[in-house]
Amino acid sequence: MNLRRFRALSMVISFSLVVTAAKSQIGGGHDYDKVFMTLYQAVQGQFYDSASGYYRDHEEPAPKVGYAYCWPLCGLLQAYNEAEAAGIAGPSVRRITALIDRYKSDKPPAPGYDSYIVEFGGGSRFYDDNQWLGLAWMDAWFRTKEPACLDRGKLIYRFMMTGYDTVAGGGLYWEEGKKTTKNTCSNGPGIVLALQLYKATKEKKYLDTALLLYHWVDAHLRDVDGLYFDNIRVRDHRIGKAKYSYNTGTMLQANVYLYELTGERAWLQRATAIADSAARYFYGSGKFRDGYWFNAVLLRGYQDLLKFNRNPAYLQAFKKCLDESLEHDTSPTGVMGSRKQQLLVNQAGMLEMLARLGQTGR
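The rules behind the values
- Residues numbered from 1 in each chain as written.
- Predicted model: local features only at pLDDT ≥ 70, side-chain atom pairs only at ≥ 80, totals over all residues.
- Heavy atoms only, no water.
- Core = buried A, V, L, I, M, F, W, Y, C linked by side-chain atoms within 4.5 Å.
- Buried < 20%, exposed > 50% of the residue type's maximum accessible area, 1.4 Å probe, protein only.
- Contact = heavy atoms within 4.5 Å.
- Pairing = 2+ DSSP bridges.
- Helix = DSSP H or I, 4+ residues; strand = E, 2+ residues; numbered from the N terminus.
- Axes fitted to C-alpha atoms, helices over the stretch in contact; angles between N-to-C directions.
- Salt bridge = Lys/Arg side-chain N within 4 Å of Asp/Glu carboxyl O.
- 1 Å grid on protein atoms, 1.4 Å probe; cavity = no way out; pocket = protein on both sides within 12 Å on 5 of 7 lines; lining within 4 Å.
- Points joined across faces, edges and corners; volume = space filled by probe spheres on them.
- Nonpolar A, V, L, I, M, F, W, Y, C, P; charged D, E, K, R; others polar.

Caption draft 1: Summary view of the nonpolar core. The biggest cluster of nonpolar side chains holds 109 residues, and the ones touching the most others in it are Tyr-55 and Tyr-302. Apart from the residues lying within four places of it in its own chain, the contact partners of Tyr-302 are Leu-252, Ala-275, Ala-278, Ala-279, Tyr-283, Tyr-314 and Leu-315. Judged by nonpolar contacts, the second largest core, of five residues, contains Tyr-127, Phe-159, Ala-168 and Val-234.

Printed below as a string of structure tokens:
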């Protein structure tokens, strides 16, 4: 047996032992902090290239030459912020930020983050990728009050607003330069980012933006069950009716922020209605319906709602799905997933959920 296979086998044995044996009092589930550290170490071993300092999208051996796109790094940034908040040693917001800065470009109309490393040619700029980064840095700012984090949030706000126009009634496009769809995933996180900036600065323009985007999403992409469709095609206003947990998650979180910042109880009532519908649709089967990172975004909304609605049923349903995945969806290499090649973005989502639920259990 060669050294790589021995290390992989050791990692999966370690992961399995942690998942099986590290039971705690956290809702009758696992000790999520311990599982986090085991998964984090496996991710570093399988996805991180220490020679270059970059991550890979796929675990080693990667199916093609290249490094990770920006999207999974958005997930790692948020996961590492939650780990720092939980007091977990190892993950570093500053280190992952330094890596993400290699994706930053200053091309007009405003600086933003490319989908790929600028040194190697860059790529398209997606408004949602940028917003996910902005949300994580704003969360870090609320925790640390480091001015650079707030500055990054403002930079991304300026970039995202270059994607706004009144076609199809308003809203933000998904991808810079391609005016084909306006998506919940490029408006929902934009609403939350604007509300975070309003909370941080009390500048009214941010609240105005949040309400402008919120009412557009609610009018065009909200289904009768209170969940959210994926996108609207601007050419003919055709709705892409797929429903993903992350789209509902940002809109849930937006309603909670709006209640917190305005005191208007209607926002809390709307948040509770979304939470109820999402729990039935996404977690009623006891298994996650979509990817781990998507569910991590919805978890953010549920945890924010806990500040004002202490109903334990939401997190209980969520933890049931999470525990099912920990017990039945692990890879022989010690990371999450049963497919042949695991993806970094899924690992980032699981890391964020583990760090968040570990905090909730304390």
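Caption draft 2: Inspection of the sheet that holds strand β7 (residues 229–233) at higher detail. The strand order across the open sheet formed by four strands is β5-β6-β7-β8, and the pairing between neighbours is antiparallel. Of all strands in the sheet, those bounded by a partner on one side alone are β5 (173–175) and β8 (239–243). Strand-to-strand twist of the sheet, defined as the mean angle between neighbouring strand axes without regard to direction, takes the value 35 degrees. The pairing of β5 with strand β6 (residues 178–183) spans two bridges and is classified as antiparallel. Within β6, the residue paired with Glu-175 across the bridge is Lys-178.

Caption draft 3: How the structure looks around the pattern of salt bridges. Inspection of every chain in the model, using the stated rule, returns 20 salt bridges. The shortest N-O distance in the salt bridge between Asp-218 and Arg-270 comes to 3.0 Å. Taken as a pair, Asp-218 in helix α8 (residues 204–220) and Arg-270 in helix α10 (residues 265–283) lie far apart in primary sequence, 52 residues in all. Of the charged contacts in the structure, one is a salt bridge between Asp-236 and Arg-235, with a shortest N-O distance of 4.0 Å. Through salt bridges with shared partners, a single ionic network connects Glu-82, Arg-300, Glu-352 and Arg-356.

Caption draft 4: View of the layout of surface pockets. Taken as a whole, the largest pocket encloses approximately 460 Å³ of empty space. Along the wall of the largest pocket there are 20 residues; nearest its centre are Glu-82, Asp-139, Asp-304, Lys-307 and Arg-356. Those elements that place two or more of their residues in the lining of the largest pocket are α3 (70–85), α5 (127–144), α7 (184–201), α9 (245–262), α11 (292–305) and α13 (344–360). In terms of residue count, α5 provides more of the lining of the largest pocket than any other element does, four residues in total. Split by residue class, the lining of the largest pocket holds six nonpolar, six polar and eight charged. The wall of the second largest pocket is formed by 17 residues, among which Tyr-69, Trp-71, Pro-72, Asp-129 and Trp-174 lie closest to the centre. Classifying every residue of the lining of the second largest pocket gives 13 nonpolar, one polar and three charged.

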